[in-house]
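Summary of structural features
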Amino acid sequence: MDTAADISQVTDAARAAARVLANATTQVKNRGLEAIAAALIDRSDQILAANAEDVARGRAEQMSEGLLDRLALTPDRIRGIAEAVREIAGLPDPIGQVVRGMRTDIGLRVTQERVPLGVIGIIYEARPNVTIDAASLALKAGNAVVLRGGSAAQSSNRVLIEVCRDALTSVGLPADAITTVDPWGRAGARAMMRARGAIDALIPRGGAGLINAVVEESRVPVIETGTGNCHVYVDASADLEAAEAIIMNAKTQRVGVCNAAETLLVHADVAERFLVAAVTRLTTAGVTIHADEATRAVVDGQPSIDAEMIVDATEADWETEYLSMDLAVRVVADVDEAIEHIRRYSSGHTEGIVASDVAVVRAFRSGIDAAAIAVNASTRFTDGGQLGLGAEVGISTQKLHARGPMGLAELTTTTWIYEGEGTIRP
């Protein structure tokens, strides 16, 4: 099998489809999205059957519960995915938006306008919802997309891509606007990374190993997403009842997602009052606490806390994105020590603070370098749908072009257009 030649055929077809999409009206693209949403519901039994194969294989291979949760689809999740597609259809079309405009002193009329990137490659792991999010956002932004979804979700992705392609052809759009290299496995992914000039941008979405491999090996420009070693700092000025609810939500709502909290930092002045109640709730919910010495001094021997759910924190714990029912906990002297800890161990995804002191919040916001900062709110809100983008293709932790949830605008580039009347440069 000549993988490079095969992938070249895939990308050539995607480029042809991208040219069609670049000239498609908003109404035509929205019809494609509505067709995808309807097809997801109509063919949900087929999707769920394929997904059950992937989940069963994942369990047999001892995949972690967090990753299994990412992998699994349910009727409610499929309805939620379909609704997200419809939300994207309802969003303003970014193509043609004027980013800025001016008239120069010699009379040139200048505008900078959004245009599609062209062909976007996305390499991701065990997340069938990303198949639909990526395809839908790319379509609305006028791009074709080439997907590599990984072996863990191979059955789900095969059916989902088939559903999307069928939906596009039903409204007269090219099926190759959404295509995949999954049949070529890892060789297909490597070929994508070398397809400079055929793929305009590559987005990796997954664990640190996947992201680092793509960043280091790709010849195609990469929009880097990142892992989520997210922190929540509870200040002395915090509403402790609210802080308890926030850490419970941030840690336990869905443990296998990148915006789940992995470390809790607590101001020493409220450690005793806060930690007993919070750790009781967390451990009762099944969370293992990786505690520093000051935390152990507070929680050890408490009758409401199962001692087996408390273990000593190590240096590795501060660096870990668990994606499981584990939480590292440390007591800090003040907001400055919390900031120092976060700046040392943060992955730059989402960092949270619970505080009512305006000066403390200001210090935290100015001291933290992250794609998102949550103030008196759960880290779980770092999500395209939650922040009004309809959906996202990933959370970028880099600082160029796109940062944070990547929605429609982040899947465009710009063109400068200047108009004169026979104008020449003096």
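Anything mentioned here points back to the structure above.
Heads up: these notes are all about the structure in this document. Residue numbers restart at each chain and count upward from 1, following the sequence in its written direction. Given that the model is predicted, a residue must reach a pLDDT of at least 70 before its local features are reported, and side-chain atom pairs must reach 80 or more before they are shown or counted; all residues, however, enter totals for whole chains, interfaces and linings. To get the side-chain values, all heavy atoms of the structure are used, and hydrogens and water are removed first.

A few points about the overall build of the protein chain
Quick reminder of the rule: Elements are defined by DSSP. Helices are runs of H or I of four residues or more, strands are runs of E of two residues or more, and each kind is numbered from the N terminus. In what follows, a contact means two residues having at least one pair of non-hydrogen atoms within 4.5 Å. Here the open area of atoms and residues is found with the Shrake-Rupley method and a 1.4 Å probe, where only the protein chains shown may cover a residue. Charged-residue counts in this description rest on Lys and Arg as positive and Asp and Glu as negative, His and the chain ends being excluded. Charged side chains are reduced to one point each, which is NZ for Lys, CZ for Arg, CG for Asp and CD for Glu.
Helix and strand counts for the protein chain come out as 15 helices and 16 strands. Here the C-alpha coordinates of the protein chain stretch approximately 75 × 60 × 35 Å along the principal axes. Contacts in the protein chain between residues at least 24 apart in sequence constitute 73% of all its contacts with a sequence separation of at least 6. If you sum the accessible surface of the protein chain, you get close to 18200 Å²; carbon and sulfur atoms cover 49% of it. Counting 40 positive and 57 negative side-chain charges, the protein chain places the averaged centre of each group 8 Å from the other.

With respect to the pairing of strand E6 (residues 201-205)
Working note: regular strand, side chains alternate between the two faces of the sheet. Worth spelling out the cut-off: Relative accessibility decides the category of a residue: with a 1.4 Å probe and only protein chains considered, values under 20% of the type maximum give buried, values over 50% give exposed, and everything between is partly exposed. Here a strand pair is declared whenever DSSP counts at least two bridges between the two strands.
Across the five residues of E6, five count as buried, placing the element largely inside the fold. In E6, alternate side chains face the same way, and those of Ala201, Ile203 and Arg205 on one face and Leu202 and Pro204 on the other are all buried. Sheet topology note: the strand E3 (residues 119-124)/E6 ladder contains five bridges and is parallel. Opposite Ile123, over in E6, you have Pro204 as the bridge partner.

Considerations on the sheet that holds E3
Cut-off, in case you're wondering: Throughout, an axis means a line fitted to C-alpha atoms (over the contacting stretch in the case of helices), and angles, computed between N-to-C directions, take values from 0 to 180 degrees.
As summarised here, the arrangement of the four strands in space is E5-E4-E3-E6, forming an open sheet in which the pairing is parallel. Among the strands making up the open sheet, the edge pair consists of strand E5 (178-180) and E6. The mean angle between the axes of side-by-side strands here comes to 20°, regardless of whether they run parallel or antiparallel. Contacting E3, strand E4 (144-148) and E5, helix H7 (residues 154-170) crosses the sheet at an angle of about 150° to E5.

Some words on the side chain of Arg127
Put simply, the rule is: Put simply, a salt bridge is a Lys or Arg side-chain nitrogen that is within 4 Å of an Asp or Glu carboxyl oxygen.
As for its placement among the helices and strands, Arg127 is situated in the loop between E3 and helix H6 (128-140). Among buried Asp, Glu, Lys and Arg side chains, Arg127 stands out as unpaired, with Glu125 the closest opposite charge at 5.9 Å. Dropping the residues within four chain positions of it, Arg127 is found in contact with Arg70, Arg205 and Gly206.

Purely geometric numbers; function is a separate question.
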